[in-house]
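Each chain, written out:
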Amino acid sequence: MHVRIHPSAVVSPLAVIHSNVEIGPFCTVEAGAVLGQGCRLAARVTVKTGATLGRDVAVGEGSVIGGLGQHIAPPPTPGRAVVGERSVLRENVTVHRAMSEGGETRIGSDCLLMVGAHVAHDCVVDNRVILTNNVLLGGHVHVGERAVIGGAAAVHQHCRVGRLAMVAGCARVVQDVPPFVLTDGDMALIVGLNKIGLRRAGLSDAEIAEIKQAYRVIYRQGLLFNDMVAALEQQFVAGPAAEFAAFFRTGRRGFIQERRSPPRTAPVLRIHPAVDEPEADANRSLRHAG
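Residues numbered from 1 in each chain as written. Predicted model: local features only at pLDDT ≥ 70, side-chain atom pairs only at ≥ 80, totals over all residues. Heavy atoms only, no water.

1. A short note on the overall build of the protein
When its secondary structure is counted, the protein shows five helices and 28 strands. Nonlocal contacts in the protein, meaning residues at least 24 apart in sequence, comprise 28% of its contacts between residues at least 6 apart. In the form shown here, the protein has an accessible surface area of approximately 15100 Å², with 53% of it arising from carbon and sulfur atoms. (Helix = DSSP H or I, 4+ residues; strand = E, 2+ residues; numbered from the N terminus. Contact = heavy atoms within 4.5 Å. Areas by Shrake-Rupley, 256 points an atom, 1.4 Å probe, with all protein chains shown as cover.)

Below is the structure:
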């Protein structure tokens, strides 16, 4: 077994270290931690008890994987933190263990967590997710496969971000984000479909067309919520568009709304250029003279 451990690293003999692992300077690997084959830890990485890194995971400088959940009464026996194969966690990423002994905070395979991203206790981050710099996930958040969350966005605990959704930077997500949509920043209101993401994920033109039809049912027909979900279930029984109904049926926090532009028939206020005082006085004099 070929393992390279820097002399300044502190690695417990009770940690499980697989082959071809590289552990950089000033790292700490605690008892019970598991590093899968081919893992690479840069300088000052801490992998704590209860954390498992899958095969070929790369962790950047200063990251801490498996810390206790930030809670006023942390449990005596917390759960695990698991990172899937080939995921990349850049500098100063933090991932916390689940709060319950049998629980699990899970990051899927092929994910990219950029600098300063935080994944709180009991989160589930599915495969191929991108969390941009300084993204904050509260406890029990679920992020669907191939979703992208922009820089400095914060997701409130227990919220869900659907598959292939894209949340803009600096957004405050306090309700569920449906799959396939694109949101703005600030209040994370929906501004349309994540068309580029859909095509990059390999969805066919027919599948994207059905998703557009479902989007119109949700946001353009003015249906009551239960009627809208029933219409989705009746019209879209298979394929990606069918995921909308299942997502809405299982929501608990409510759902973010669409941001609509003002109607084109709205009155327009026209501002005329100001008239110089001497010219205005001259005009008044002419009117009186006439």
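2. Points about the packing of aromatic side chains
Taken as a whole and assessed by the stated rule, the structure comprises seven aromatic pairs. Both rings, one in Tyr 215 and one in Tyr 219, keep their centres 4.8 Å apart while their planes meet at 50°; by these two values the pair is tilted. Of this pair, Tyr 215 and Tyr 219 both sit in helix α2 (residues 205-219), separated by four residues, roughly a single helical turn. Here Phe 247 and Phe 248 contribute two aromatic rings whose centre-to-centre distance is 6.3 Å and whose plane-to-plane angle is 85°, an arrangement assigned as edge-to-face. Each member of the pair, Phe 247 as well as Phe 248, carries the same accessibility label: buried. Taken together, the aromatic side chains of Phe 225, Phe 247, Phe 248 and Phe 255 make up a single cluster linked through ring pairs. The ring centre of Phe 247 lies 3.9 Å from the NZ or CZ of Arg 160, which sits over that ring. (Phe/Tyr/Trp six-rings, centres within 6.5 Å; stacked < 30°, edge-to-face > 60°. Buried < 20%, exposed > 50% of the residue type's maximum accessible area, 1.4 Å probe, protein only. Lys NZ or Arg CZ within 6 Å of the ring centre and 35° of its normal.)

3. Quick word on the side chain of Asn 194
Its place among the elements puts Asn 194 in the loop between β28 (190-193) and α1 (195-200). The exposure class of Asn 194 is buried, given its relative accessible area of 7%. Non-local contacts of Asn 194, meaning those with residues more than four positions away in its chain, are made with Leu 164, Ala 165, Met 166, Phe 180, Val 181 and Leu 182.

4. Looking at the sheet that holds strand β17 (residues 118-119)
Read across the sheet, nine strands follow the order β2-β5-β8-β11-β14-β17-β20-β23-β26 without closing on themselves; strand pairing throughout is parallel. Both outer strands of the open sheet, β2 (10-11) and β26 (172-173), are each paired with one neighbouring strand and no more. Sheet analysis places strand β20 (residues 136-137) next to strand β23 (residues 154-155), joined by two bridges and oriented parallel. Each residue of the ladder has a partner; that of Leu 137, found in β23, is Val 155. (Pairing = 2+ DSSP bridges.)

5. Some points on the sheet that holds strand β24 (residues 160-161)
Read across the sheet, eight strands follow the order β3-β6-β9-β12-β15-β18-β21-β24 without closing on themselves; strand pairing throughout is parallel. A single partner strand is all that each edge strand has here, and the edge strands are β3 (16-17) and β24. One ladder, built from three bridges, connects strand β9 (residues 51-53) with strand β12 (residues 80-83); its direction is parallel. Residue pairing across strands places Leu 53 opposite Val 83, the latter belonging to β12.

6. Looking at the packing of α2 against helix α3 (residues 225-235)
Where α2 contacts α3, the two axes come as close as 9 Å, and the packing angle between them is 160°. What the angle tells us is that α2 and α3 run roughly antiparallel. For the pair α2 and α3, the sense of crossing is right-handed. Contact residues: Ala 214, Val 217 and Ile 218 in α2; Met 228, Ala 231, Leu 232 and Gln 235 in α3. (Axes fitted to C-alpha atoms, helices over the stretch in contact; angles between N-to-C directions. Parallel < 35°, antiparallel > 145°, perpendicular 65-115°, else oblique. Left-handed = near helix turned anticlockwise from the far one by under 90°.)

7. A word on α2
At 3.6 residues per turn, the α-helix brings residues three or four places apart onto the same side. Look at α2: 21 Å from first C-alpha to last across 15 residues, which is about the 21 Å you get at 1.5 Å a residue. Restricting attention to buried positions, one finds in α2 the residues Ile 208, Ile 211, Ala 214, Tyr 215, Val 217, Ile 218 and Tyr 219. Buried residues in α2 make contact with β27 (181-183), β28, α1, α3 and α4 (243-249). (Expected span 1.5 Å × (residues − 1).)

8. What about the pairing of strand β15 (residues 104-107)?
Of the two faces of β15, only the one carrying Thr 105 and Ile 107 is buried; Glu 104 and Arg 106 on the other face are not. In this structure, β12 lies alongside β15, joined through four bridges in parallel fashion. Counterpart to Val 83 in the pairing with β15 is Ile 107. Sheet topology note: the β15/strand β18 (residues 124-125) ladder contains two bridges and is parallel.

9. Topic: the environment of Gly 69
Position of Gly 69 relative to the elements: it lies in the loop between β11 (64-67) and β12. Here Gly 69 falls in the buried class, since its relative accessible area comes to 11%. The sequence separation of Gly 69 and Gly 139 amounts to 70 residues, and the corresponding C-alpha distance is 8.4 Å. Ignoring any residue separated from it by four or fewer positions in sequence, one finds Gly 69 in contact with Pro 74, His 96, Arg 97, Met 99 and His 121.

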